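Below are the chains, spelled out letter by letter.
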Amino acid sequence: MSYNDNKVLDLNGQDNIIVSGIGQPQASISILKVGRPLGEFNGFTFLGTWKTSEAVQAATYGNKPGDAKYLDVNKDGKINQSDYSPIGNGVPKFTWGFINDFKYGNFALTFMFSGQGGSQIYSQTLAYTWGQAPGVRNATLQEATKMWTPQNETDIPHFSTTTQWPTNSSRFVYSASFMKLKNFALTYSIPQAILGKARIRSADIYISGQNIFTVSSYPGFDPELTNATSALLQGVETAVVPNPRTYTIGFRLGF
C-alpha cells in the first residue's frame, strides 16, 4: 500500500495556473493552485435542479424550474467563473495491491487484487451520454428518462434554453475508488508418474483471467483509466477504452 500527500508550494509568483484538459470540452477543468494538491478539478458545484417552489429565486438567476442549479459561491446573484471552486481531485490518496499463491497437491492458484481510494474522476463521456455537454442534446442513458418534469421533480435537469450547460461541473465528477480482481490463474500439473511413461518433463492445464470484476460506485466503464498524460491531468476522462475482461484456457508441455 502506498500513500500520496502533496501540495503546490510556489508557482513563480502566481496564485494559480489553469491546466488545459483533453480536448476542448475539458479545457480549464484542471488547476494548479498554491496551497492545494496536484490533480485538482475546478468548476461549478452542482446542486440539482430548481424546483417549482423555487421559481422566484430561479428567476433571479435567469432560470426556471427544471433548470440546473449551481452554487453561487460569492453570492453576487450571478453564476459565472467567479463561482468556480474545488470540485474533486484525480490523484488517489492511496493505492494498494495484494498478490498470493496457493498450492495444494498438483493444483496451484495465483491471484492479484488491486485498488485505490480517495480520488475522483471527471467524466466527459458521461456528460455526452447524458446529452448535456456543449452542443449535445441526444441523451443515450436510460436514466435520462428521469429528467425533471413538473410531475416528477427530480435532480436531473431537463433540456432548456434558460440554463447554462457547463461541463466544468461537479455533476460529472464521481468517486474513482475501486477494488479489482486483476489477475487469476488456476493450474493443474499432471503427475510425473503419468508423464514419465510418455517421456514428457511437465504438462500443465490452466485457466486464467484478467480484470475479472470491479467493485466501484463509478457509473462509467472503468474508474482505473483516464486520458491523463501527467499528474496534472489525473482523473480526466473522455471516451477512454476500458480494460478488457479476458479469459484464457491453455495446455503447457515441457520436454
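Residues numbered from 1 in each chain as written. Predicted model: local features only at pLDDT ≥ 70, side-chain atom pairs only at ≥ 80, totals over all residues. Heavy atoms only, no water.

Draft legend 1. Examining the sheet that holds strand β15 (residues 246-254) more closely. Judged by pairing direction, the sheet is antiparallel, and its six strands sit side by side in the order β1-β8-β9-β12-β13-β15 without closing on themselves. Because the sheet does not close on itself, it has two edges, and the strands there are β1 (2-3) and β15. Sheet topology places strand β9 (residues 107-117) next to strand β12 (residues 178-189); 10 bridges connect them, and they run antiparallel. Along β12, the bridge assignment pairs G115 with M179. (Pairing = 2+ DSSP bridges. Helix = DSSP H or I, 4+ residues; strand = E, 2+ residues; numbered from the N terminus.)

Draft legend 2. Broad picture of the pairing of strand β7 (residues 85-89). Across the five residues that make up β7, a large majority, four, are buried. Both strand β4 (residues 40-43) and β7 contribute to a ladder of four bridges, which runs antiparallel. Its bridge partner lying in β7, F41 is registered against G88. (Buried < 20%, exposed > 50% of the residue type's maximum accessible area, 1.4 Å probe, protein only.)

Draft legend 3. Geometry of a nonpolar patch on the surface. Taken together, F107, L186, I207 and I249 make up a surface patch of nonpolar side chains, about 390 Å² in accessible area. Note that I207 resides in strand β13 (residues 202-215). Assessed through its relative accessible area of 37%, I207 is described here as partly exposed. (Patch = residues over 30% accessible without salt bridge, like charges linked within 9 Å, V, L, I, M, F, W, Y side chains within 5 Å. Areas by Shrake-Rupley, 256 points an atom, 1.4 Å probe, with all protein chains shown as cover. Salt bridge = Lys/Arg side-chain N within 4 Å of Asp/Glu carboxyl O.)

Draft legend 4. The packing of aromatic side chains, seen in detail. Here the structure, examined in full by the defined rule, presents 12 aromatic pairs. Considering the side-chain rings of F107 and Y188, the 4.9 Å spacing of their centres and the 50° angle between planes classify their relative orientation as tilted. You can see F107 sitting in strand β9 and its partner Y188 sitting in strand β12, a full 81 residues away along the chain. Taking the relative accessible area as the measure of exposure, F107 reaches 44% and is therefore partly exposed. When its relative accessible area of 28% is taken as the criterion, Y188 is described as partly exposed. Each ring, one from F111 and one from F113, has its centre 5.6 Å from the other, and the planes form 70°; the classification is edge-to-face. Judged by its relative accessible area of 14%, F111 falls in the buried class. In this structure an aromatic cluster arises from ring pairing among F98, F102, F111, F113 and F213. A cation sits over an aromatic face here: R171 above W130, 5.2 Å from the ring centre. Residue placement shows K180 over the ring face of F178; its charged tip is 5.7 Å from the ring centre. (Phe/Tyr/Trp six-rings, centres within 6.5 Å; stacked < 30°, edge-to-face > 60°. Lys NZ or Arg CZ within 6 Å of the ring centre and 35° of its normal.)

Draft legend 5. The pattern of salt bridges, seen in detail. Under the definition given, this model contains eight salt bridges. With a closest N to O distance of 2.6 Å, K33 and D15 form a salt bridge. In this pair, K33 sits in strand β3 (residues 30-33) while D15 sits in the loop between β1 and β2 (16-19), placing the two residues 18 residues apart along the sequence. Between E224 and K182 there is a salt bridge, with its nearest N and O atoms 3.3 Å apart. In this pair, E224 sits in the loop between β13 and β14 (236-237) while K182 sits in strand β12, placing the two residues 42 residues apart along the sequence. It is possible to trace a salt-bridge network through shared partners that takes in K180, K182, D222 and E224.

Draft legend 6. View of the nonpolar core. Ranked by internal contacts, the top residues of the largest apolar core, which has 17 residues, are I29, F41, Y122, W130, F172 and Y174. Within the residue set of this core, elements represented by two or more residues are β10 (120-123), α2 (124-129) and β11 (173-175). What W130 contacts, discounting residues up to four positions off in sequence, is A139, L141, E143, A144, M147, I156, F159, R171, F172 and Y174. F44, F46, A68 and I79 belong to the second largest nonpolar core, which has six residues in total. (Core = buried A, V, L, I, M, F, W, Y, C linked by side-chain atoms within 4.5 Å. Contact = heavy atoms within 4.5 Å.)

Draft legend 7. Expanded view of the sheet that holds β4. Across the sheet, four strands lie side by side as β2-β3-β4-β7; this open sheet has antiparallel pairing. The strands lining the two open edges of the sheet, one partner per strand, are β2 and β7. Neighbour-to-neighbour, the strand axes of the sheet open up by a mean angle of 45°, direction not taken into account. As judged from the four bridges shared by β2 and β3, these two strands associate in the antiparallel manner. Bridging from a neighbouring strand, N16 pairs with K33 of β3. (Axes fitted to C-alpha atoms, helices over the stretch in contact; angles between N-to-C directions.)

Draft legend 8. Representation of unusual backbone geometry in the model. Positioned with a positive phi, K75 is a non-glycine residue whose angle comes to about 55°. Tracing the backbone through its elements, the reader meets K75 in the loop between β6 (68-70) and β7. In this structure, N211 takes a positive phi of about 55° despite not being glycine. Tracing the sequence through the fold places N211 in strand β13.

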